[in-house]
Amino acid sequence: MTSLHDAVNRGSLTWAVRDSLLRYVTVVARGSYTVEGGATITTDGAFAFPLRRAVQTDGQWHLSFAGSVRLTAHHGFLDVLIADPELVTGHEGGMLSARTNVDGTTTLIAATDAEVPQHSDVDLAWTANDVHLLESGVELFGGVYPAGTDLAPLKVRVSLDS
Ligand code: HEM
């Protein structure tokens, strides 16, 4: 088992959620999005969540990230929170979950294909291009996207040097 603690700034999850959603929120609905808790917006408009913890057990990586993004529009009717995302990934694919409510509710949002991580001596870099919405995540987007809807690719980088 490999466990990396106190790994803030030593890795990240980068995700744009879904391009058409960000366009809809900002352009169509004239809303906005904010990032907090260490999350940042990358130059190409995706959200980067800093790594909090990476644990490898039984061929699976359990990756916890910090920070949140909140999309708001329609005078608060649209209010989508994605906070402290977690990714569990292994040979059979990955599962992305996040806290989606200030009361702490966690939602299993998406499943990913089983991309094998690119290992080097110093880091693990992993990109999942096939990311799709799970039934449990449908409600998060107001029921507009059916289960199976394609979401933005996920990129993970974890620094392994200690
Ligand atoms: C006053 C309330 C709302 C109005 C008037 C409204 C209106 C619309 C319209 C007109 C579209 C189509 C946009 C387009 O195709 O260009 C749309 C899409 C969408 N709406 Fe709303 N909406 C409302 C509330 C919500 C809420 C509460 C959610 C919850 C998350 C939501 C989520 C979505 C999503 C995910 C799409 C699809 C965006 C895409 O990927 O193209 N909407 N809405």
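Residues numbered from 1 in each chain as written. Predicted model: local features only at pLDDT ≥ 70, side-chain atom pairs only at ≥ 80, totals over all residues.

Student: Any chance you could explain the overall build of the protein chain here in plain terms?
Tutor: Helix and strand counts for the protein chain stand at 1 helix and 15 strands. Each principal axis of the C-alpha atoms in the protein chain carries an extent, and together these give about 45 × 30 × 30 Å. Classification of the 162 residues of the protein chain by burial places 28% in the buried group. Of all intrachain contacts in the protein chain linking residues separated by at least 6 positions in sequence, the fraction that spans at least 24 positions is 52%. (Helix = DSSP H or I, 4+ residues; strand = E, 2+ residues; numbered from the N terminus. Buried ≥ 20, exposed ≤ 12 C-beta atoms within 10 Å, placed from the backbone. Contact = placed C-beta atoms within 7 Å.)

Student: Honestly, the site of the ligand in this entry has me stumped. Any pointers?
Tutor: Taken together, Ser20, Leu21, Tyr24, Val28, His74, Phe77, Leu78, Val80, Phe141, Gly142, Val144 and Tyr145 make up the full set of residues adjacent to the ligand. Sorting the residues of the shell around the ligand by element identifies helix H1 (19–28) and strand S8 (78–90) as the ones contributing at least two each. In terms of residue count, H1 provides more of the shell around the ligand than any other element does, 4 residues in total. Partitioning the shell around the ligand into residue classes produces 9 nonpolar, 3 polar and no charged. (Near = placed C-beta within 6 Å. Nonpolar A, V, L, I, M, F, W, Y, C, P; charged D, E, K, R; others polar.)

Student: What is the right way to read the pairing of strand S15 (residues 154–159) from this model?
Tutor: The side chains of a regular strand alternate, first on one face of the sheet and then on the other. The side-chain alternation of S15 yields one buried face, formed by Leu154, Val156 and Val158, and one unburied face, formed by Lys155, Arg157 and Ser159. As paired elements, strand S2 (residues 11–15) and S15 share 5 bridges and run antiparallel to each other. Residue pairing for S15: threonine 14 is matched across the bridge by lysine 155. Sheet analysis places strand S12 (residues 123–128) next to S15, joined by 6 bridges and oriented antiparallel. Along S15, the bridge assignment pairs alanine 128 with leucine 154. (Pairing = 2+ DSSP bridges.)

Student: I'm lost on the environment of leucine 22 in this one. Help?
Tutor: Of note, leucine 22 is situated in helix H1. The class for leucine 22 is partly exposed, based on 18 C-beta atoms found within 10 Å. Considered as a pair, leucine 22 and glutamate 86 are 64 residues apart in the sequence and their alpha carbons are 21 Å apart. Those residues in contact with leucine 22 that lie beyond four places of it in its chain are Ala16, Val17 and Gly45.

Student: When you look at the nonpolar core in this model, what are you seeing that I'm missing?
Tutor: Across soluble globular proteins, nonpolar side chains show a tendency to be buried alongside one another. The biggest cluster of nonpolar side chains holds 33 residues, and the ones touching the most others in it are Leu13, Trp15, Leu63, Ala110, Leu154 and Val156. A total of 4 residues in this core trace back to one element, the largest contributor, which is strand S5 (residues 47–57). Setting aside residues no more than four positions away along its own chain, tryptophan 15 makes contact with Ala46, Phe47, Ala152 and Leu154. (Core = buried A, V, L, I, M, F, W, Y, C linked by C-beta atoms within 7 Å.)

Student: Would you mind showing me how to read the confidence of the model for the protein chain here?
Tutor: Atomic detail in the predicted coordinates should be set aside for any region of low pLDDT. Looking at the protein chain as a whole, the pLDDT averages 91, with 93% of positions reaching at least 70. Note on residues 4–8: pLDDT under 50 across the span, and 11 contacts to partners over four residues away in sequence or across chains. (pLDDT = per-residue confidence, 0-100.)

Student: What is the right way to read unusual backbone geometry from this model?
Tutor: Only a minority of non-glycine residues have a phi that is not negative, and only a minority of peptide bonds are not trans. Phi is positive for histidine 74, which is not a glycine, with a value near 50°. You can see histidine 74 is positioned in the loop between strand S7 (68–73) and S8. Positive phi outside glycine occurs at aspartate 84, with the angle close to 45°. Position of aspartate 84 relative to the elements: it lies in strand S8.

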